[in-house]
Every structure is written in structure tokens, then in C-alpha cells.
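Examining the three-dimensional arrangement
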There are 2 protein chains.
Amino acid sequence: MLNLFGSRRRPPQPSRSRPRGENVSRVGLAQLAPEPHRLYAHAAYLQLSLFETLSRAMVSSPSLSTKLALSWVANTVLDRHHALTDQLEREGQNPVEAMTPFAASIDAFHERAEGADWAEVLMSAYVVSGILDDCVVQLAEGLPGDYPEKVTELLGGNDVSTALAAILSNEIEATPPLASRLALWGRRLVGDTLLVARSIADIPQDTVADDERLEPVFTDLVADHTRRMDNLGLTA
Amino acid sequence: MLNLFGSRRRPPQPSRSRPRGENVSRVGLAQLAPEPHRLYAHAAYLQLSLFETLSRAMVSSPSLSTKLALSWVANTVLDRHHALTDQLEREGQNPVEAMTPFAASIDAFHERAEGADWAEVLMSAYVVSGILDDCVVQLAEGLPGDYPEKVTELLGGNDVSTALAAILSNEIEATPPLASRLALWGRRLVGDTLLVARSIADIPQDTVADDERLEPVFTDLVADHTRRMDNLGLTA
């Protein structure tokens, strides 16, 4: 049993002098790191799904300049996917076999999270990649050897987030009524996305029903999500 | 007026000792090379459209292993698109402005050429990329400086064709009745695709109505297309 779940009560919160309480949930997620190949495979499939979302957004782009901007984001995400599957292969894993266990549930999630139109599809990509890339990086901190550095290098940058935020900001500026609709859509996405984050973590069976004890683990993910929504001028 | 159109009659055909008459139409297309930036921009938009076709095929892939195989092809095509737009930028062109004149007609073409299901979408990518990449490479031979080498290096390889042929062959092997349907679909695509090839070439206005004189120019493109269909065991 993991320390984190050793008592029914949440551990005492750190004093406010610790900035944003960040280290607490960082440690929390690192303690929930799955076996490296599982994390790589799960992350690889997530990037693949994100790529599909982005390519769908590209096809329905309202302008060629937006399409080109998205094409760079899609390229980055596809490169990440391939870097992860390459690494799996180098370690003797078959990427297809390794990813298969995660495919159905992520596909179902993406179907629900897809959004009704172009702006919502883009918002989905922004919210989902933001939370889940963070999640994978934080989980990887619990892996041995140079895995933490490797995963951070691959998924820890904010190129994707920054590029998507720029496109979304332009759209919101051009069509102000979008703001409230996208804020609402963003809020609807968070719950489902955190369930995916939870499924990536290695959470012992007997704690599954006990959400209260897991909540603190996801505090940072939600805080960073809130910051990303702030960046768009939206309330999370 | 270009030499090629100097007389109403086709120039005398080379003797059969010249292999496949290849040099004749090679020279022909090279004589029709548009201004470099136009060719780059047109080629860049074609790669972007091809990428969209491939990403659509990825989303509807019947298996994860096919999806992964396609993801590599999509990545190659997107890299080609970006290499072309990068080159435009290095030469002081705005890629969006440069591509815009070609967008509407290529979009309309892709809509017609999309195919009814996954196998047809893939077949479209195979036929269209085969003919049009060839066309761009052959047109580029008429450009000055190191343009011919640059374009050949970028689009002259057969990675995309080979990868798509492998996926299509597997599908046809698994579902033999596909063969005749895909052969039929391939034949339907050729005419429209040659019209796009024609639109990439710089064909003087007064020859537009005179298809007969242009036909030989596209002989090689059709010969190579026939060879690619042969590779799949299909009749072109």
C-alpha cells in the first residue's frame, strides 16, 4: 500500500509559506507512477488521439493561416507520439501491443470530449493536452533512472499549449460571445479529463472507491488548468 | 510560345530503342515549369491536402497497427509541407498568401476524390500523391539553379508510395473483393488528378483548349501511375 493512502484522512496541509503547495501533489503523483512501459504506451496513445483531434481541427479550420498554425502543433504532437513509440521499440516492446489496452477507453473519452464545432474541438485539445501532459510528466517523476528527464524533455515543454492558446485567443477576440461558450465547454471537460488522468496513474484496486483520498493528488493538475484558462481570459 | 506547342502535330516519337520514351515527356513537363514560388506554393498546398486525406484515413483505420503505419506516412507528408513553406519563407514569401490562389480548386478536387470508405480514401492518397508528386518533380526540372535537386530530394523519394502500397496490399489480400472496387476507383481518379497536374503546369492561355497537344506531356505520369497500380495487382 502506498504511503499516500496510509491513513483515511488527508495528510496535514503544508503551511502557506510553501509556494502553491506544489510539492505536495507532485510527490503524490510521482508515488502513483505506473510501470515505465505502461506510462510510455499510455502517453503515446494519448498523443496519437490528440493528433487526431488536431487534424480534425485542421480540416475544419476557418482560415488557411489557422490551418497552417495548427499544422505545426499537429506535427509536434505526432513527433511526440513517434518519439514515445520509438522508445518503446528500443526497449523491446511492440508499440501496438503496448498501446492496445488503453485504446478503447481513450477513444471513448475523445468521442465524448470532441466538441460540437471547430472552436470546441480546439478547446478540447487545449484542455486535454494541458492536463494530461502535465499528469504524465508528474507521474514520470516517480520512475527510475533517466525516465523522469526523458519524459519531461518530451512532454514538459509548453509549445503545444502556447500555440493553441494563441489560436484560441485570436478566435475569442474576433468573436467575443465564444468566451462564455468555451468557458462552459472547458468546465465540462475537466471532470472527464481528470478521470483519464486517474486511469494513467497506478492506483491500487482497493482505493478506487475512495475518491476523497485521491483528490489532493490532482490539485496541481487543476491549478495549472485554471492558469491555462486564465491565459485565455476564461474562468475555469 | 513554348517549343512544345510550336507545331500542331506531335513531334516525331523517338525510336523504340529509347527506353519507355521517358525523356520525351520529361522534357515536356520541364518546359512547362511555373515560376519557382508558384510551384513551391502549389506543391505545399498539395502536401497539406494529402496530409488531411491521410489523417482522415488514420482516424477511420480498421486497426491500430494500420493507424500507426499511416501515422508515419502522415508525418512524412506534413514534414514535406513544412519544408516547402519554410523554403517559401526563407525566400521572403508569405506561405498563406502564396498558397491561397491554389486552395479552392485543390479543396474541390479533394472533395470529389475523397472516396466512400477507408480503403478508397487510402487509394486516393496513393493515386493522387503518386501522380502529383511525380508531376511536381518533373516540372521542377525546368527551374533554374538548385531548385530541381531540392525538389527531387524532397518529393522524389518513394517512401510515401511504398508505405501506402504496403498497407493497401495487405487490405486487398485480406479482402480480395476490394481489388476490383479499388481498381475502378483508381481509374475514376486519374482523369481529375491529371487535370490538377495540368493546373500546376504553366500552360499558356491559348493552348488551354487544345488538349491534344498537351497529352504527350502527361504520358510519363500515366505510365508511372500504371506501374503503381500494377504493384497492387490492379489494372490501371
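**Quick look at helix α8 (residues 178–200) of chain A**
- With 23 residues, α8(A) should cover 33 Å at 1.5 Å per step; its first-to-last C-alpha distance of 32 Å lies within 8% of that length.
- Taken as a whole, α8(A) carries its principal kink of about 30° at A:Val190.

**Considerations on the relation of the copies chain B and chain A**
- For these two chains of identical sequence, chain B goes onto chain A by a turn of 180° and a shift of 0.0 Å along the axis, with RMSD 0.0 Å. Both chain copies can therefore be described as sitting about a two-fold axis. In terms of C-alpha distance to the rotation axis, chain B has B:Ser55 as its closest residue, with the C-alpha 3.2 Å off the axis.

**So, the nonpolar core**
- Residues A:Met123 and B:Met123 are the most contacted members of the largest nonpolar core, which totals 154 residues.
- Sequence-distant contacts of A:Met123, defined by excluding residues within four places in its chain, comprise A:Leu168, A:Leu182, A:Trp185, A:Gly186, A:Leu189, A:Met229, A:Leu232 and A:Leu234.

**Here we look at the pattern of salt bridges**
- One pass over the structure, following the stated rule, counts 18 salt bridges over all chains.
- Here B:Lys67 makes a salt bridge to A:Glu52, at a shortest N to O gap of 2.8 Å. Of this pair, B:Lys67 sits in helix α3 (residues 64–90) while A:Glu52 is found in helix α2 (residues 36–59), placing the two residues in two different chains. For the pair formed by B:Lys67 and A:Glu52, the shared burial category is buried.
- Taking the shortest distance from any N to any O, the salt bridge between B:Asp224 and B:Arg227 comes out at 3.8 Å. Residue B:Asp224 and its partner B:Arg227 are both found in helix α10 (residues 219–231); the two are separated by three residues, about one turn of the helix.
- Assessed through its relative accessible area of 7%, B:Asp224 is described here as buried.

**Let's talk about the interface of chain B and chain A**
- Across the boundary between the two partners, chain B contributes 26 residues, which contact 26 residues of chain A.
- Regarding the contact of chain B and chain A, the summed buried area is about 2100 Å², with carbon and sulfur atoms giving 69% of it.
- By the criterion of area lost to chain A, the three top residues of chain B are B:Leu64, B:Leu68 and B:His82, representing 24% of everything that side buries.
- Linking chain B to chain A there are two salt bridges.

Reading the values: the criteria
- Throughout this document, residue positions are counted from 1 along each chain, in the order its sequence is written.
- Just so you know, chain letters begin at A and ligand numbers begin at 1, following the order they were written in.
- Residue-level local features of this predicted model are given only where pLDDT is at least 70; pairs of side-chain atoms are given and counted only at 80 or more, and the full residue set underlies all totals for whole chains, interfaces and linings.
- Only heavy atoms go into the side-chain values, all of them from the structure, while hydrogens and water stay out.
- By the criteria applied, helices consist of DSSP H or I runs no shorter than four residues and strands consist of E runs no shorter than two, each listed in order from the N terminus.
- In this analysis, the expected span of each helix is defined as 1.5 Å times one less than the number of residues it contains.
- Bend, at a single residue, is the angle you get between axes fitted to the 7 residues ending at that residue and the 7 residues starting at it.
- Superposition of the copies was done by least squares, using only C-alpha atoms of residues whose pLDDT is at least 70 in both.
- Nonpolar cores were defined as sets of buried Ala, Val, Leu, Ile, Met, Phe, Trp, Tyr and Cys residues, with membership established by side-chain atoms within 4.5 Å.
- Partly exposed residues are those whose accessible area sits between 20% and 50% of the maximum for their type, while under 20% is buried and over 50% is exposed, using a 1.4 Å probe and protein chains only.
- Any two residues having at least one pair of non-hydrogen atoms within 4.5 Å are treated as being in contact.
- Salt bridge, as used here: a side-chain nitrogen of Lys or Arg that lies within 4 Å of a carboxyl oxygen of Asp or Glu.
- Accessible surface is computed with a 1.4 Å probe, and the buried area is the amount of it that two parts give up when combined, taken over both parts together.

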